[in-house]
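# Structure at a glance
Here is what each chain is made of, one letter per residue.
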Amino acid sequence: MKKFKACPLFGRCGGCDYSIEYALELEEKTEYVHSLFSRYCPTYETIGGAKDGYRNKVVASFAYDRKGHVISGLYIKGTHRIIEKRDCPLEFEGSAEILRSIRRLMKSYAVKPYDEDTYRGDLRHVLLRKGHKSGEVLVLLVFGNDRYGRKKEFAHSLMDICPSVVSVFYQVNNEKTSMILSSSPIKFLAGQRFIKSRLFDLTFRVGPSSFFQVNDGQTEVLYDMALYMAGLSGSEKVLDAYSGTGTIAMIAAKKACSVTAVESNEEAVAFAEKSADENSIGNVTFITDDASSFIKAEAKRKEHYDVVFLDPPRAGSDERFLSSLIKLSPGKIIYISCNPETQVRDIRYLEKFGPYRVKAVQPVDMFPRTQHVETVALIERTVQ
Ligand code: SAH
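Below is a short write-up of the structure. Just so it is clear, the structure is predicted and the values come from calculations on it, not from any experiment. (Residues numbered from 1 in each chain as written. Predicted model: local features only at pLDDT ≥ 70, side-chain atom pairs only at ≥ 80, totals over all residues. Heavy atoms only, no water.)

Another aspect to go through is the nonpolar core. Ranked by size, the top nonpolar core spans 49 residues in total, and within it F286, F309 and I334 carry the most contacts. No other element matches helix α4 (residues 216-230), which puts seven residues into this core. Look past the residues within four positions of F286 in its chain and what remains in contact with it is G246, A249, M250, A261, V269, A272, E273 and A276. (Core = buried A, V, L, I, M, F, W, Y, C linked by side-chain atoms within 4.5 Å. Buried < 20%, exposed > 50% of the residue type's maximum accessible area, 1.4 Å probe, protein only. Helix = DSSP H or I, 4+ residues; strand = E, 2+ residues; numbered from the N terminus. Contact = heavy atoms within 4.5 Å.)

What follows is about the side chain of T375. Topologically, T375 is positioned in strand β16 (residues 374-381). Of note is the side chain of T375, whose polar atom sits 2.6 Å from the side chain of Q343. (Polar contact = N/O pair within 3.5 Å; in protein donor to acceptor, adjacent residues only side chain to side chain.)

Here the focus is the site of the ligand. The environment of the ligand is formed by 16 residues, the closest being Y223, E263, D290, A291 and D311. Y242 is positioned with one of its backbone polar atoms (N or O) 3.1 Å from a nitrogen atom of the ligand. A291 is positioned with one of its backbone polar atoms (N or O) 2.8 Å from a nitrogen atom of the ligand. For the ligand, whose unbound accessible area comes to 570 Å², protein coverage reaches 84%. (Near = heavy atom within 4 Å. Areas by Shrake-Rupley, 256 points an atom, 1.4 Å probe, with all protein chains shown as cover.)

Right, let's get into the sheet that holds strand β12 (residues 284-288). Spatial ordering of the open sheet is given by β12-β11-β10-β13-β14-β16-β15, a layout of seven strands whose pairing is mixed. Unpaired on one side and paired on the other, β12 and β15 (356-364) mark the two borders of the sheet. Across this sheet, the average inter-strand angle for adjacent strands is 15°, counted without regard to direction. Of the strand pairs in this sheet, β15 and β16 are connected by eight bridges, and their pairing is antiparallel. Bridge pairing in β16 places P363 opposite T375. Lying on the sheet, helix α8 (residues 319-328) is in contact with β10 (237-241), β13 (307-310), β14 (332-337) and β15; it crosses β13 at an angle near 165°. (Pairing = 2+ DSSP bridges. Axes fitted to C-alpha atoms, helices over the stretch in contact; angles between N-to-C directions.)

Written as structure tokens, this is what we have:
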């Protein structure tokens, strides 16, 4: 076995929660999920994945070091101080080079790092997203204000220097917040308006604000498991709630009669529709709506679904959604979650107020080295 080597920045950078043998980390994650679910159903061992370069999404913030050189890295929690990060092993290959190019361009274009204390300067953060299989990278530049006037030139130069960068956007975040992005509009600067990400044999369009899982390899593992649990035979009517860029919907569409996907982010839905065309998938309908409002209306219309997939954000679903889901009465519910605590809460609701039982929970390690773990649960209707 390869000897475990700790990252020299562990404990200071804040990006990782674990610095132990990976097998032990997986055991801890399995134990955690087991402690939440063991009273209700069997839980399985966490499926681990590659640790190196798994993150297809990278964020960095900028500052000057003591010598006046621009550095990039992460804010130390609760401070306005940045710890320099050069070659993070978790981040996608090539990301360090792109960040280096951005730092160099900042010098030649006189773009100053934004200072959160004095509100002076320009560039505050950057967000990179890569389609692992396509190799395409999207860059979102986050400025602290809208003063800097040569953003387009900067973007074009970045694309010239880094051929993998095919799409550049920017946003102004002048809020007093530790969040990378603000609520102000994201604006296009150069290149394409999306990158392509491939999962299995399908291609998805991903924009700057649409959600896409951060770990392409483990996403395939997770979706394989979700489909296995669903056991689709080709005749089913399927609902995919919180569908993002339509990944689960399109993968399920190949094995089902029809799929309806509901998602509140307009950008994600527009890209999902395009992707379905590009993948020649004709049996998915995409709806832009709040998942709870949509499912409530579907239940009222007495629509029937055989299988419902749901993959809500960390906060989980809500009672409006879950009570309507019970009325919709699908035979199977496949609940994917990045927060097993809200997942177990929601499953207990379904069991308490509906004829549902959770049959199994499979943890998948989407986020090696962090405390997070993804889970997929199979929930079945007990009364036919
Ligand atoms: N299933 C997708 C996305 C999961 S992330 C995938 O695996 O890629 C959760 C998604 O829920 C995000 O795209 C977010 O925009 C969406 N979302 C959040 N709240 C919502 C709501 N109330 N109604 C519908 N979609 C919502």
